[in-house]
Amino acid sequence: MTALIRAEARKLRTTRTFWLLAIGAFTLIAGGVTATAIATTYTGPASPARATLALAGLAQTFALLAGTLAVTGEYRHKTISSAILITPRRTPLLAAKLITLAAAGLVSGVVAMGAAAAITLPVLASRHVASGINGADLAGIIVGGGVATALCAALGVGVGALIRNQAGAVVTVLFLLYVAEPLLGFIPHVGAVIQQYGLGGLAAGTSGTTQYPAVTHLLSQVPAAAVLAAYATVALVAGAVLLRQRDITA
Amino acid sequence: MRPAIEVAGLTKRFGRTVAVNNLSFTVSYGRITGFLGPNGAGKTTALRALLGLIRPDSGAATFASGSYAELRDPVRAVGALLDASAVHPGRTGRDHLRIMAAAARVPDSRADQLLERVGLARAAGQRAGGYSLGMRQRLGLAATLLGDPAVLVLDEPANGLDPQGIRWLRDQLRILAAEGRAVLVSSHVLAEVAQTVDDVVIISHGCSVAQAPLRALLAARPGRTLEDIYLELTGYPNGESQ
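Rules and cut-offs
- Residues numbered from 1 in each chain as written.
- Chains lettered and ligands numbered in written order.
- Predicted model: local features only at pLDDT ≥ 70, side-chain atom pairs only at ≥ 80, totals over all residues.
- Pairing = 2+ DSSP bridges.
- Helix = DSSP H or I, 4+ residues; strand = E, 2+ residues; numbered from the N terminus.
- Expected span 1.5 Å × (residues − 1).
- Buried ≥ 20, exposed ≤ 12 C-beta atoms within 10 Å, placed from the backbone.
- Arc of directions from axis to C-beta.
- Contact = placed C-beta atoms within 7 Å.
- Axes fitted to C-alpha atoms, helices over the stretch in contact; angles between N-to-C directions.
- Parallel < 35°, antiparallel > 145°, perpendicular 65-115°, else oblique.
- Left-handed = near helix turned anticlockwise from the far one by under 90°.
- Nonpolar A, V, L, I, M, F, W, Y, C, P; charged D, E, K, R; others polar.

Participant: An account of the pairing of strand E1 (residues 5–14) of chain B is needed here, citing residue identities and associated values.
Facilitator: Residue and element names in this part refer to chain B. Examined bridge by bridge, E1 and strand E2 (residues 17–27) share seven bridges and lie antiparallel to one another. Residue Phe14 lies in a different strand from E2, and its bridge partner there is Thr17. Between the end of E1 and the start of E2, which pair antiparallel, lie two residues, with Gly15 showing a positive phi angle near 60 degrees. The pairing of E1 with strand E4 (residues 58–63) spans five bridges and is classified as antiparallel.

What follows is the structure in structure tokens.
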């Protein structure tokens, strides 16, 4: 398994995809957090810091995409055949991808949330806005951001194993996050459930931030992480079963 | 001694299409076996079934020590090149090979030696998206040799090679067979096959229509070329009368 993980880490490092996603995410997060921290007039029940750091949740979207691309890219470029020839039992291949992407997600998520906090807190302080969080809260948010990003990368790997078509998988993920969940969020009663149990709400809950724009009745960190992990597990197990049974014709 | 490859009664359907129909043949160590047939005859499906990528509906395709899935260390037992275009275009040839090396626990230095051997040392640092098909074939052949396997399975390795490349490939295959390896190579390029292979297996519509040492096949039909025989067996309308 260590050999397979080394190979997966190389796959991640040696194409532009991962780096572009990482650079894109950090740029958007840094810019968005700076602008929000400068301008925020947040007075809701969550703290101004949490509401601002919600923007770092973009890291989770990018991690979901990175996980999806890590699997669908193998089908798109037909490298899935040679990968399976080296790992005929197939499941270890998916497991190695899962571990590699989750680890990359954890690191990226911690860095993203840490950087966002390093921008947000001084800016709020300079404006004499009380951040509303203490050191322990901040630690929880940074760790939570890492865990949420790792879980989203894992979920992405599962989605990619289920939907091999790269464009199809990416569109599905983005549609869920940015069309289906926000729209369903407007429906009375259903909306509250979507905000708590939809991907956006769970990622924000795991991070200990709010959604963006701020939605506050989220699950708290541990239950949110558990539900998100359950989603990822379902997608990964179903993806592994499909991968084992599929004829690899390209 | 068991044959290097034994295909026995292999059948695979995709929906209503029978891609491979009760196909049987063997491949011996130390020989190059040409696997011939028209487009859509089932060559690639048969090779993929042999390599465990496709599950056959019935029959079996095995190596001397068992099916592909049963091989203890597949990369050191069998080297396979199925589709030379199967390279991430954004990755360099060297990275492509080193990724496989890492997964197969083969040292990077071996990957670099193989790039040298297939004539890609200078292009190794370029993105594979800029490689010609011939260069991708060379990269694919390097990948098959990572584990120094005793059996090679190559699907259309001559595609996209220029005349120098074809001569080079022939020499490589001869060397590999002379070292005692079994080489199963599918091809359309009959003139090339006639100069390279020791044995031929010809399939048409998923069935085997001939298998014999090339010399015996030609001796049985004096004055006919491999192309004549191939066209006759695979149902070319005028094959018989030429």
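Still more to cover.
Participant: I'd like to hear about helix H6 (residues 163–178) of chain B, residue by residue, with values.
Facilitator: Note that an α-helix has 3.6 residues per turn; residues three or four places apart therefore point the same way. Residue and element names in this part refer to chain B. Counted at 1.5 Å a residue, the expected span for H6 with its 16 residues is 22 Å, and the 22 Å between its end C-alpha atoms agrees. For H6, the complete set of buried residues consists of Leu169, Leu173, Leu176 and Ala177. Seen along its axis, H6 keeps its buried residues to an arc of 95 degrees; they face one direction. Opposite the buried face of H6, at more than 90 degrees from it, the exposed residues are Pro163, Gln164, Asp171, Ile175 and Ala178. Looking at the buried residues of H6, the elements they touch are strand E3 (32–36), strand E6 (151–155), strand E7 (182–187) and helix H7 (190–196). A positive phi of about 100 degrees marks Gly180, the residue just after H6.

Participant: Pulling in residues and values, what's your account of the packing of helix H10 (residues 199–207) of chain A against helix H11 (residues 221–245) of chain A?
Facilitator: Residue and element names in this part refer to chain A. Close contact between H10 and H11 brings their axes to 7 Å; oriented N to C, the two are set at 135 degrees. Between H10 and H11, the interaxial angle falls into the category oblique. Every pair of crossing elements has a handedness; the one defined by H10 and H11 is left-handed. For the pair H10 and H11, contact is made by Leu202, Ala203, Gly205 and Thr206 and by Gln221, Ala224, Ala225, Val227 and Leu228, respectively. When its residues are assigned to classes, the contact of H10 with H11 shows six nonpolar, three polar and no charged.

Participant: Explain the sheet that holds E2(B) to me, using residue names and the numbers behind them.
Facilitator: Residue and element names in this part refer to chain B. Spatial strand order, E2-E1-E4: three strands in an open sheet with antiparallel pairing. Each having just a single partner strand, E2 and E4 make up the two edges of the open sheet. In this sheet, adjacent strand axes meet at a mean angle of 20 degrees when their direction is disregarded. Sheet strands in contact with helix H1 (residues 43–50) are E1, E2 and E4, and its direction is about 115 degrees off that of E1.

Participant: Describe the interface of chain A and chain B, with residues and values.
Facilitator: Across the boundary between the two partners, chain A contributes 23 residues, which contact 28 residues of chain B. At the level of elements, helix H1 (2–13) and helix H5 (80–86) of chain A are the ones that each hand at least two residues to the side of chain A that touches chain B. For the side of chain A that touches chain B, the leading source of residues is H1(A), giving six residues. Taken together, the residues that form the side of chain A that touches chain B break down as eight nonpolar, nine polar and six charged.

Participant: Break down the sheet that holds strand E5 (residues 78–81) of chain B for me, citing the residues and quoting the values.
Facilitator: Residue and element names in this part refer to chain B. The six strands are arranged E5-E6-E7-E3-E8-E9 in an open sheet whose pairing can be described as mixed. Across the chains shown, the open sheet's two edge strands, defined by having one partner strand only, are E5 and strand E9 (207–213). Put simply, the sheet's adjacent strands are angled 15 degrees from each other on average, direction ignored. As judged from the four bridges shared by E5 and E6, these two strands associate in the parallel manner. Note on E6: the bridge partner recorded for Ala80 is Val153. Contacts between H6 and the sheet are confined to E3, E6 and E7, with E7 contributing the most and set at about 150 degrees to the helix. The strands that helix H9 (residues 226–233) touches are E3, strand E8 (199–204) and E9; relative to E8, the one it contacts most, it runs at about 30 degrees.

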